[in-house]
Amino acid sequence: MERVYIHEVMPRDGLQNEPSFVSTEDKIRLIDRLSRTGVSKIEVTSFVSPKRVPNLRDAEEVMKGIQRVPGVCYTALVPNVKGAERALDCGVDEINVVISISETHNRKNVGCSVEESLDRLGKIVDLTGATSVTVNCTLGTAFGCPYEGEIAESRLLSIVARCVEQGVGGISLADTTGMANPRQVYRVCRRVKDAVPDLPLTLHFHNTRGMGLANVLEGLRAGVVRYDASLGGIGGCPFAPGASGNICTEDLVHMLQSMGYEVPVDLDALIRAARELQEILDRELPGQVIKAGKATDLHPA
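We now turn to the structure provided with this report. Numbers given to residues run from 1 along each chain, matching the order in which its sequence is written. Whole-chain, interface and lining totals are the exception, using all residues; otherwise, since this is a predicted model, local features are given only for residues with pLDDT of at least 70 and side-chain atom pairs are given and counted only at 80 or more. Each side-chain value is derived from all of the structure's non-hydrogen atoms; neither hydrogens nor water enter the calculation.

Overview of helix 4 (residues 81-89)
Working note: α-helix, 3.6 residues per turn, so residues spaced by three or four point in the same direction. How we decide: Residue exposure (1.4 Å probe, protein chains only): buried if accessible area is under 20% of the type maximum, exposed if over 50%, otherwise partly exposed. Segments assigned H or I by DSSP are reported as helices when at least four residues long, segments assigned E as strands when at least two residues long, and all are numbered from the N terminus. Starting at the helix axis, one direction is taken to each C-beta atom, and the arc is that of these directions. The criterion used for residue contact is that any of the two residues' heavy atoms lie within 4.5 Å. As used in this structure description, the phrase polar contact means that two N or O atoms lie within 3.5 Å; if the pair is within protein, one of them must be able to donate a hydrogen and the other to accept it, and residues adjacent in sequence are counted only when both atoms belong to side chains.
G83, A84 and A87 are the residues of helix 4 that are buried. The buried residues of helix 4 occupy an angular sector of 100 degrees when the element is viewed end-on, so they sit on one face. Residues of helix 4 that are exposed and angled more than 90 degrees away from the buried face: K82 and D89. On the buried face of helix 4, the contacting elements are strand 3 (73-78), strand 4 (94-100) and helix 6 (114-127). The N-terminus of helix 4 is capped by N80, whose side-chain oxygen sits 3.4 Å from the backbone nitrogen of K82. Trailing helix 4 by a residue or two, G91 shows a phi angle of about 75 degrees, which is positive.

Listed below in structure tokens is the structure:
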């Protein structure tokens, strides 16, 4: 079967929404563990104002403190040019810029209009022009907005085209608050892939309403092979109501490997990392495999 690439977002998307600050040392240790599991990409942190996201106020220390593993792409989310400059100073491999398709959510999330965000995106791409750093654009609320409801697919395709014009190296479609359904995912992904067939496409699902892994299956059917996921299934958008956790990395890998997809990730190492995260957060995590074990784990009669 086809190779599937796993992008781990727990250090940024997961920890940003936690009620208490996770120490810099714990973040670095977890990221170093994840680097050795075989995931393709790790979103290490976000270079945002500490007033907006206090849990990631140690972005520089974390990015400079991790041990880089060859073959792993280390990316960071940035909201503007200032954030991109900070990220470049820390030696990131990729910059991830988030733009919400929804005007309302974009203003709540990054404090400006979609048009202003697209302008910022162009400036960030220009800033990286003399470097080897790539720019990925994550399009938030791509499958629906908790404020505006359904988002027209024509609007999504229009903004995808604008991102391509700006020179991005990849696009992610984010289901920011878990509003996507499988049939919609297949249809939208086919339209985007038809429009930009050569651009790497990533899907970012939340399991808010229990459809996260079902949406992955339809993404795969549409030909998408890159997926964001969060260790333990933690995360959510702090600027949208009800945006509970991302799809769980170890649950996703377990499903794909069970189905025969080529996913060269050490599932046992992921489960151990999830258990360590559970101890650090001192609460039960949403993931299922950490509770039930793998389907291949047998028990005495």
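Comments concerning the sheet that holds strand 8 (residues 226-229)
Selection criterion: Should DSSP find at least two bridges between two strands, the strands are regarded as paired. What counts as an axis is a line fitted to C-alpha atoms, over the stretch in contact for a helix, and the angles between N-to-C directions run from 0 to 180 degrees.
Around the barrel, 8 strands lie side by side as 1-2-3-4-5-6-7-8; this closed barrel has parallel pairing. Each strand of the sheet is rotated relative to its neighbour by a mean of 25 degrees, with strand direction disregarded. In the sheet, strand 6 (residues 170-174) pairs with strand 7 (residues 201-204) via 4 bridges, with the strands oriented parallel. By the bridge assignment for strand 7, S172 is matched with T202.

Re the pattern of salt bridges
Stated precisely, the cut-off is as follows: Salt-bridge detection follows one rule: a side-chain nitrogen of Lys or Arg within 4 Å of a carboxyl oxygen of Asp or Glu.
Considering all chains together, one arrives at 17 salt bridges under this definition. For the salt bridge of E153 with R187, the shortest nitrogen-to-oxygen distance reads 2.7 Å. One end of the pair, E153, is in helix 7 (residues 153-166); the other, R187, is in helix 8 (residues 182-195), and 34 residues separate them in sequence. The residue R190 makes a salt bridge to D194 at a minimum N-O spacing of 2.9 Å. With R190 and D194 both in helix 8 and 4 residues apart, the pair spans about one turn of that helix. Within this structure, D26, R29, R33 and E276 form a network of salt bridges that share partners.

Digging into the layout of surface pockets
Quick reminder of the rule: Residues are said to line a cavity or pocket when one of their atoms sits within 4 Å of a point; the points come from a 1 Å grid over protein atoms alone, cavities being sets where a 1.4 Å probe fits but cannot get out and pockets being open sets with protein on both sides within 12 Å along at least five of seven lines. Grid points are joined across faces, edges and corners, and a volume is the space filled by probe spheres set on the points. Residue classes follow a fixed rule: Ala, Val, Leu, Ile, Met, Phe, Trp, Tyr, Cys and Pro count as nonpolar, while Asp, Glu, Lys and Arg count as charged, and any other residue, Gly among them, counts as polar.
Of the volumes computed, that of the largest pocket is approximately 670 Å³. Forming the walls of the largest pocket are 45 residues, and the residues nearest its centre are R12, S46, L77, V98 and N109. Considering only residue class, the lining of the largest pocket consists of 14 nonpolar, 20 polar and 11 charged. Lining of the second largest pocket is provided by 13 residues; of these, N207, N246, I247, C248 and P286 occupy positions nearest its centre.

Structural notes on unusual backbone geometry
Of note in the backbone geometry, T141 takes a positive phi value of approximately 50 degrees without being a glycine. When its relative accessible area of 0% is taken as the criterion, T141 is described as buried. In this model, D282 sits at a positive phi of 60 degrees, which is unusual for a non-glycine residue. Following the sequence through the fold, D282 ends up in the loop between helix 11 (267-281) and helix 12 (289-292).

Section: the packing of helix 10 (residues 249-258) against helix 11
Here is the rule we go by: Note on angle classes: values under 35 degrees are labelled roughly parallel, values over 145 roughly antiparallel, values of 65 to 115 roughly perpendicular, and the remainder oblique. By definition, any crossing whose near helix is turned counterclockwise from its far helix by less than a right angle is left-handed, and any crossing with a clockwise turn is right-handed.
At a minimum axis distance of 9 Å, the contact between helix 10 and helix 11 shows a crossing angle of 160 degrees. Considering the angle they form, helix 10 stands roughly antiparallel to helix 11. In this structure, helix 10 crosses over helix 11, and the sense of that crossing is left-handed. Contacts between helix 10 and helix 11 involve T249, E250, V253, H254 and Q257 from the first element and L267, L270, I271 and A274 from the second. In terms of residue class, the contact of helix 10 with helix 11 is built from 5 nonpolar, 3 polar and 1 charged.

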